[in-house]
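Structural description and commentary
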Amino acid sequence: MILFYLGTYDWVVFDALTAGWQRVFTSIGLADELAALQRSVSRQITWRSLPTMLSYGLLYTGTCLLLLRLLLPRGGRRMRWAALLYLIVFGACGLLLAGAKLAGDVPWAYRLARRLIDFIVSPLPVIVLVPLLRWYVSPKSKEDR
């Protein structure tokens, strides 16, 4: 339910994070640098503040990993697989974004990265990973027993 709430009412979380980051950057005198950084971010990726999007992604991903830890019995090896899969998707997003920027703002790469971001910041990975990791990854290490 937490994941669905975060997804349904994400605007509340985004507003709070945006206001918080704006206060932080203003208080340390970096509001102009934040604005310049935001202008360099493609609107095909996000129109929101970059620190807001990154912190929301980390908050959501952390919640997903915590939920996976609670739902996977003897989760040591299974959690390593889950974390690795999240890391692979985030790495693919980073490579697509960097490649798109270096190649002169390639629209298809931005769109694909945006789709991957939307996928990873949704309840779908948890819904898919719980049965897959419970049924297909056996707990073989000693810490899992």
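These numbers were taken from a predicted model, which means no experiment stands behind them. All residue numbers here refer to positions counted from 1 along the written sequence of the relevant chain. Residue-level local features of this predicted model are given only where pLDDT is at least 70; pairs of side-chain atoms are given and counted only at 80 or more, and the full residue set underlies all totals for whole chains, interfaces and linings. By convention in this description, side-chain values take in all heavy atoms of the structure and omit both hydrogens and water.

1. A few points about the pattern of salt bridges
- A pair is scored as a salt bridge if a Lys or Arg side-chain nitrogen falls within 4 Å of a carboxyl oxygen belonging to Asp or Glu. Counted according to the given criterion, the structure contains two salt bridges.
- Close ionic contact of K101 with D105 constitutes a salt bridge, the shortest N to O distance being 3.8 Å.
- Residue exposure (1.4 Å probe, protein chains only): buried if accessible area is under 20% of the type maximum, exposed if over 50%, otherwise partly exposed. K101 sits in the partly exposed class, given a relative accessible area of 42%.
- Note that R114 is salt-bridged to D118, the shortest N-O span being 2.6 Å. Linking R114 with D118, this pair stays in helix α6 (residues 107-120), spanning four residues, or about one helical turn. Per the convention used, a helix needs a DSSP run of H or I reaching at least four residues, while a strand needs a run of E reaching at least two, with both numbered from the N terminus.

2. Focus: the packing of helix α5 (residues 76-102) against helix α7 (residues 124-136)
- Each axis is a line fitted through C-alpha atoms, and for a helix only the stretch in contact is used; angles between axes span 0 to 180 degrees, taken between their N-to-C directions. Look at α5 against α7: their axes get within 10 Å of each other, and the N-to-C directions meet at 145 degrees. Of the two elements, α5 crosses α7, and the hand of that crossing is right-handed. Between α5 and α7, the residues in contact are R78, W81, A82, L85 and Y86 and P125, V126, L129, L133 and R134, respectively.
- Tallied by class, residues from the contact of α5 with α7 come to eight nonpolar, no polar and two charged. Throughout, a crossing is termed right-handed when the near helix is turned clockwise from the far one, and left-handed when it is turned anticlockwise from it by less than a right angle. Should any heavy atoms of two residues lie within 4.5 Å, those residues are counted as being in contact. Residue type decides the class: Asp, Glu, Lys and Arg count as charged, Ala, Val, Leu, Ile, Met, Phe, Trp, Tyr, Cys and Pro as nonpolar, and the leftover types, Gly among them, as polar.

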